[in-house]
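Report on the structure
Letter by letter, the chains look like this.
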Amino acid sequence: MNDIATPVAAPNGDLLSKFDPLIQTRETLLASGIEDPFNLVMEKVLSPTKAICNGRETILLGTYNYMGMTFDPDVLDAGKQALADFGAGTTGSRVLNGTYQGHKECEDALREFYDMDHAMVFSTGYQANLGIISTIAGKGDYIVLDIDSHASIYDGCAMGRAEVVPFKHNDIEAMEKRLRRIPEGAGKLVVLEGVYSMLGDVAPLKEMIAIAKKYGAMVLVDEAHSMGFIGENGRGVSEEQGVIDDVDFIIGTFSKSVGTVGGFCVSNHPKFDILRLVCRPYVFTASLPPSVVATAATSIRKLQHGANKRAHLWENSKRLHKGLTDLGFQLGTSEPQSAIVAVIMPDLERGAMMWEGLLKEGLYVNLARPPATPANMTLLRCSLCADHSVEEVEAVLGMFERAGKAVGVID
Amino acid sequence: MTEAEVDERIRGLIEPFNKKGIDIAPGTTFANDLEFDSLTVMDFVAEIEDEFDIIISMNQQADIENYGQLVSAVHKLQDS
C-alpha cells in the first residue's frame, strides 16, 4: 500500500525519470518567481542568530541552534587547539585508527551529562539512529514507532529488516494495541522522540514508556530536539517526565544544542560496548575530526551549567508563540512545548510565498513540506535560540505580520 | 473466518475512505484507483487492524497494492 503513485516506465531506461513529477512541481513553483527555498546560501554567518543571505542581514530563526553554542569562545578555542594538535581529520574508522583522545573525552562528557554508563559517538545524528536501530532490531523482531518519526529512524528500521509497526502520532492507546498484538516471544523495540521536530510537540513519554515496559519491550528515545534545553539537567523530555531511568537507549545529536555535527547513543545496558564492533554505520565510516569532538565535548560540559540560557530560551519560545497566536497565525501546538514553533500554512504555494516574503524582510525560517511533514501540511518552522534577544523576537513578529498580510495568510 | 467473510467486513470498512465511490474489485489499487495518501493508508490500516485484532506491518503493507491482495493478506493473518 504505497502512497506514491506508480511512476511511468522510463522510455530510455533513465533511472532518474521516476523523479519527473517532483521536478515538475519544483519548476512550477520556481516559475512563479519565488526564490528556491531549498537552495539558500549563507554568505556570511555573524553570530548564532544572524547571517548575511543574498546580501541582506538576516535573523536566523530556523537553525536548531537552540543554545547558541556555535560561536561560544571556549568552544571555538577547544576546536582550534585540537585542529593544531591533532590535525584536520582522523582518516579512519573508530575501530581502527580513528579513535583519538578527543573521541574518548567526548564520550566521557556525554556519560557525565546523562549520568549513564556508556556513550558511543557517531559521525552524524542520522547515523546514530541508523546504526543503533538497525543493529539491535533485526529480522523477526518488531519495532513499534510513532508514525511521525524522523527519516533516520525509518531508515534504521528498514536497514535492520525488523517488522515495522507504526502507530498514530502520540496516541497511547494505539501504541498499546500494537504491542499487545505482537506474537509471543518476539523481540520488541519501542522507538519514540522527546520532541517531534515538525510541530514542536512533546511525547507523553511517561505513559508510553510504562506501557512499553509492561509488554517487555526495550525503549529507544530520540532526544535530538530537547538536549540541553528540556529537563532539569537538559537531558531531555524523558528527564522532565521522570522516566529517564526506564529508557534503554537515548539517541542524540551534536548538530542542534551542542552546535557542531555528530550523533550519539547513551545507555546503561551492560552489554552496550559490543555494539561498537557490530554496528555498521559506526564501523564502516571515518570518525569525526578532532576539532569537532573537541568542540562537542566543551559544549556539552558548558550545557551542564546552562540553566540561565535555558530559562531565556523558554521566554523566547513563549513570547514568539503568543505573538504569532495574537497575530492570527495557526500554530502546530496550542501551547509552546519546546523551542520549535511551527506556523501552519494553508498550502505549499502560499507557504513558499510567505517564506520568500520573510526572507526579504530579513528573516530565515525553515519551509517544511510534504512528505517530510505530518498530515501533508506546509509549515514555516521556527526554532528559537537562547541568544535571540527580546528585541529580535519582537522584530520577528513584525516581519511575520507584514509578510502574513501581504500574502493573505492573516487578515 | 472465510475469505468471503473477510472481504465483506473490509468492504464495510473501506466505504468511508472511498470518497469517490469507486467500484471495488480485486484489482482496485489503493494508490492509483482510490488515491489513498499516506495518512489515509495509516487510518485505514488501523481500522482493519482493530477490526481483526491483527498487525499489518509496514513490511507487509509494502506488498499490498490492490484490494484482492489486502483481503488475502488479512485472511491469512487473522487465521494464524
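Going by the structure above, here's the rest.
Our subject in this report is the structure included herewith. No experiment lies behind these values; they were computed from the predicted model shown.

**Quick notes on the environment of Ala84 of chain A**
Residue placement: Ala84 of chain A occurs in helix H2 (residues 73–86). When the C-alpha atoms of Ala84 of chain A and Pro290 of chain A are compared, they prove to be 9.5 Å apart, with 206 residues separating the residues in sequence.

**Some points on the sheet that holds strand S4 (residues 118–122) of chain A**
Each strand in a sheet pairs with another by means of backbone hydrogen bonds, the pair being arranged parallel or else antiparallel. Residues and elements named next belong to chain A. Judged by pairing direction, the sheet is mixed, and its 7 strands sit side by side in the order S4-S12-S11-S10-S7-S5-S6 without closing on themselves. Looking at strand neighbours, the two that pair on one side only are S4 and strand S6 (163–167), the edges of this open sheet. On average, adjacent strands in this sheet sit at an angle of 20 degrees to one another, irrespective of strand direction. Sheet contacts for helix H3 (residues 101–114): S4, strand S11 (249–253) and strand S12 (263–267); angle to S4, the most-contacted strand, approximately 130 degrees.

**Structural notes on helix H6 (residues 172–181) of chain A**
All names here are of chain A. Taken together, the buried positions of H6 are occupied by Met175, Arg178 and Leu179. Projected onto a plane normal to the axis of H6, the buried residues spread over an arc of 100 degrees and lie on a single side. More than 90 degrees from the buried face of H6, the exposed residues found are Glu173 and Arg180. The secondary structure elements touched by the buried residues of H6 are strand S5 (142–146), S6, strand S7 (188–193) and helix H7 (205–214).

**As for the packing of helix H4 (residues 125–136) of chain A against helix H5 (residues 151–160) of chain A**
All names here are of chain A. Orientation of H4 relative to H5, taken along the N-to-C sense of each, is 35 degrees, at an axis distance of 7 Å. As for how H4 packs across H5, the hand of that crossing is right-handed. Together, Gly125, Tyr126, Asn129, Leu130, Ile133, Ser134 and Thr135 of H4 and Ser152, Ile153, Asp155, Gly156, Cys157, Met159 and Gly160 of H5 make up the contact between the two elements. For the contact of H4 with H5, the residue count by class is 6 nonpolar, 7 polar and 1 charged.

**Regarding the nonpolar core**
Residue and element names in this part refer to chain A. Membership of the largest hydrophobic core comes to 138 residues, with the highest contact counts inside it found for Ile143 and Val144. Broken down by element, this core gets its largest block of residues, 7 residues, from helix H11 (residues 290–303). Sequence-distant contacts of Val144, that is, excluding residues within four places in its chain, are made with Val165, Phe167, Met175, Arg178, Leu179, Lys188, Val190 and Ala217.

Conventions adopted
Residues numbered from 1 in each chain as written. Chains lettered and ligands numbered in written order. Predicted model: local features only at pLDDT ≥ 70, side-chain atom pairs only at ≥ 80, totals over all residues. Helix = DSSP H or I, 4+ residues; strand = E, 2+ residues; numbered from the N terminus. Pairing = 2+ DSSP bridges. Axes fitted to C-alpha atoms, helices over the stretch in contact; angles between N-to-C directions. Contact = placed C-beta atoms within 7 Å. Buried ≥ 20, exposed ≤ 12 C-beta atoms within 10 Å, placed from the backbone. Arc of directions from axis to C-beta. Left-handed = near helix turned anticlockwise from the far one by under 90°. Nonpolar A, V, L, I, M, F, W, Y, C, P; charged D, E, K, R; others polar. Core = buried A, V, L, I, M, F, W, Y, C linked by C-beta atoms within 7 Å.

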